[in-house]
Amino acid sequence: PNGFCGMSIVFVGDVPDHRCLIPGNLNLSEAWLNRTIPLEQERGKLQHRQCRRYRLDVIRNLSATFADPDSINMSEVEQEPCLDGWEYSKDQYISTIVSEWDLVCGNAWKGPFSMSVYFIGVLIGCFLAGQLSDRFGRKKVLFGGAATQAVFCILQGLSPNWEVFCLFNFLMGIGQVSKYQSAFVLGSELLRKPLWTVLGTLGIPLSFTVGYMAMPLAAYFIRNWRILIFTLSLSSVLYIPLWWFIPESTRWLLLKGRVKEAEAIVRHAAKKNGVTPPEVLFNDLELENTKTKTQRSYSIIHLVKTKNIRIITGINLLVWIVSSGVYYGLSLNTPNLHGDDYLNCFFSAMIEVPAYIATWIFLQRFPRKFSLSGSFFLAGIVLCFIQLVPLGKFLQCS
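A quick note: this is a predicted structure, and the numbers were derived from the prediction, not measured.

J.: Describe the nonpolar core, and please don't skip the residues or the numbers.
T.: In this structure, Phe-11, Ile-97, Phe-165, Met-215 and Leu-228 are the most contacted members of the largest nonpolar core, which totals 57 residues. Take this core: its biggest share by element is eight residues, from helix 8 (residues 162–190). In this structure Phe-165 touches Ile-9, Val-12, Ile-97, Trp-101, Ser-114, Gln-156, Ser-159, Trp-225 and Ile-229, once residues within four positions along its chain are discounted. Ranked by size, the runner-up nonpolar core spans five residues in total, among them Trp-252, Leu-253, Leu-254 and Ile-265.

J.: Requested: an account of the environment of Phe-143, with residues and values cited.
T.: Relative to the assigned elements, Phe-143 resides in helix 7 (residues 138–156). For the pair Phe-143 and Trp-243, spaced 100 residues apart in sequence, the C-alpha to C-alpha distance is 7.6 Å. Contact partners of Phe-143, with chain neighbours within four places excluded, come to Tyr-239, Leu-242, Trp-243 and Ile-246.

J.: Tell me about the environment of Ile-154, and name the residues and values.
T.: Inspection of the secondary structure assignment puts Ile-154 in helix 7. For Ile-154 and Arg-192, which are 38 residues apart along the polypeptide, the C-alpha to C-alpha distance reads 37 Å. Ignoring sequence-local partners within four residues, the contact set of Ile-154 consists of Phe-230 and Ser-233.

J.: Let's hear about the environment of Ser-116: which residues, and what values?
T.: Mapped onto the secondary structure, Ser-116 falls in helix 6 (residues 110–136). Under the relative-accessibility criterion, Ser-116 is labelled partly exposed at 34%. Sequence separation between Ser-116 and Asn-169 is 53 residues, and the spatial gap between their C-alpha atoms is 9.4 Å.

J.: Explain the state of the cysteines residue by residue, including any values.
T.: Each disulfide consists of one covalent bond between the sulfur atoms belonging to two cysteines. Enumeration over the complete set of coordinates arrives at two disulfides. The disulfide that involves Cys-20 links it to Cys-82, with 1.8 Å between the sulfurs. Negative torsions about the S-S bond denote left-handed disulfides, and the value of about -60° found for Cys-20 with Cys-82 makes this one left-handed. In this pair, Cys-20 sits in strand 1 (residues 18–20) while Cys-82 sits in the loop between strand 5 (79–81) and strand 6 (86–88), placing the two residues 62 residues apart along the sequence. Neither residue differs from the other here; Cys-20 and Cys-82 are each classed as buried. Disulfide pairing is shown between Cys-51 and Cys-105; the S-S distance is 2.0 Å. Between Cys-51 and Cys-105, the disulfide has an S-S torsion of -95° and is therefore left-handed.

J.: So, the packing of helix 7 against helix 10 (residues 225–233): which residues are in play, and what are the values?
T.: Their axes nearest at 8 Å, the elements helix 7 and helix 10 cross at an angle of 165°. What the angle tells us is that helix 7 and helix 10 run roughly antiparallel. Helix-helix and strand crossings are classified by hand; for helix 7 and helix 10 the assignment is left-handed. Residues Ala-150, Cys-153, Ile-154 and Gln-156 of helix 7 form the contact with helix 10, whose participating residues are Trp-225, Ile-229, Phe-230 and Ser-233. Considered class by class, the residues forming the contact of helix 7 with helix 10 number six nonpolar, two polar and no charged.

Each value, and the rule that gives it
- Residues numbered from 1 in each chain as written.
- Predicted model: local features only at pLDDT ≥ 70, side-chain atom pairs only at ≥ 80, totals over all residues.
- Heavy atoms only, no water.
- Core = buried A, V, L, I, M, F, W, Y, C linked by side-chain atoms within 4.5 Å.
- Buried < 20%, exposed > 50% of the residue type's maximum accessible area, 1.4 Å probe, protein only.
- Helix = DSSP H or I, 4+ residues; strand = E, 2+ residues; numbered from the N terminus.
- Contact = heavy atoms within 4.5 Å.
- Disulfide = S-S within 2.5 Å.
- Axes fitted to C-alpha atoms, helices over the stretch in contact; angles between N-to-C directions.
- Parallel < 35°, antiparallel > 145°, perpendicular 65-115°, else oblique.
- Left-handed = near helix turned anticlockwise from the far one by under 90°.
- Nonpolar A, V, L, I, M, F, W, Y, C, P; charged D, E, K, R; others polar.

Shown next, in the form of structure tokens:
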């Protein structure tokens, strides 16, 4: 579901071909109707302008005098904006948020801003998720985030206007990142250290990729944005039975003094794996150490309290800002590539599979610093070479 709902804006917010709407009560001939929209050169071909038309009162007067529009110089005719709205091509989509709420021309900024609002929600969710999971538990925040994302994803499909759509997108971003962060924390606290790398490279990320790969398939068959969002949100039903299979973090339970619950989870896991646990799982010394840790409190201030921590925090912030900017910048830009939008989106998702496998192999064989800097260097080189690709071959202006 993260891959579904998180990336659905690629199709939900895509911009169909459009031009000014010409009212049908002008009584113009077919020849004059075809000349009411100015032509311009774009992407190597001549096409109608999307945000301007010739002044209709002037066109009406000219059509009464000249039967053939080719007999006059149309470049001298005054132009005006699309005062009657726009008409959109139905070749690819039945509807998107752009065609439904006219997010074009002067309102073109609203389309990208819809996704910016989503990421503002993600930013706020990053701060909330950790605090909430420390207080209420990893499992509750994980499923609470899943429920939040599912509910507001469904409500998003019922949005009466763009403003409400943005509000639900914001709240969906909070739920999405809360679920994603809690899954990483819960997994790392339940699994042994050797499996942390597998969880971080092949477990959670590949699950996201599977949803991301399936999303263009659903979008190919469902061309109405409201029905598409509703269909994608139904995948969240898969979370419901997981509540009875995913345990709470034993580490968090011990920190909260809930020793019996932690012991019950460990004994249940031992039984499932055919292992006989010792009679005493947690001795008094371990419980005392846990109690001491519980009494310590940390806040965001601790991330900048010492020079060493400040450097580490700054590097991590830079790494995540660059990684997220490049990843989402490329992923959300697939409609601007030449070729089929659905295949482009699928290939953009599919390439992550070998990338995650390669990451896992590198982390197994090489130091973290080398793996991280090497991947950044490779990504930078590839992005530099993209600039050498002739415009019109594989890329197009948006």
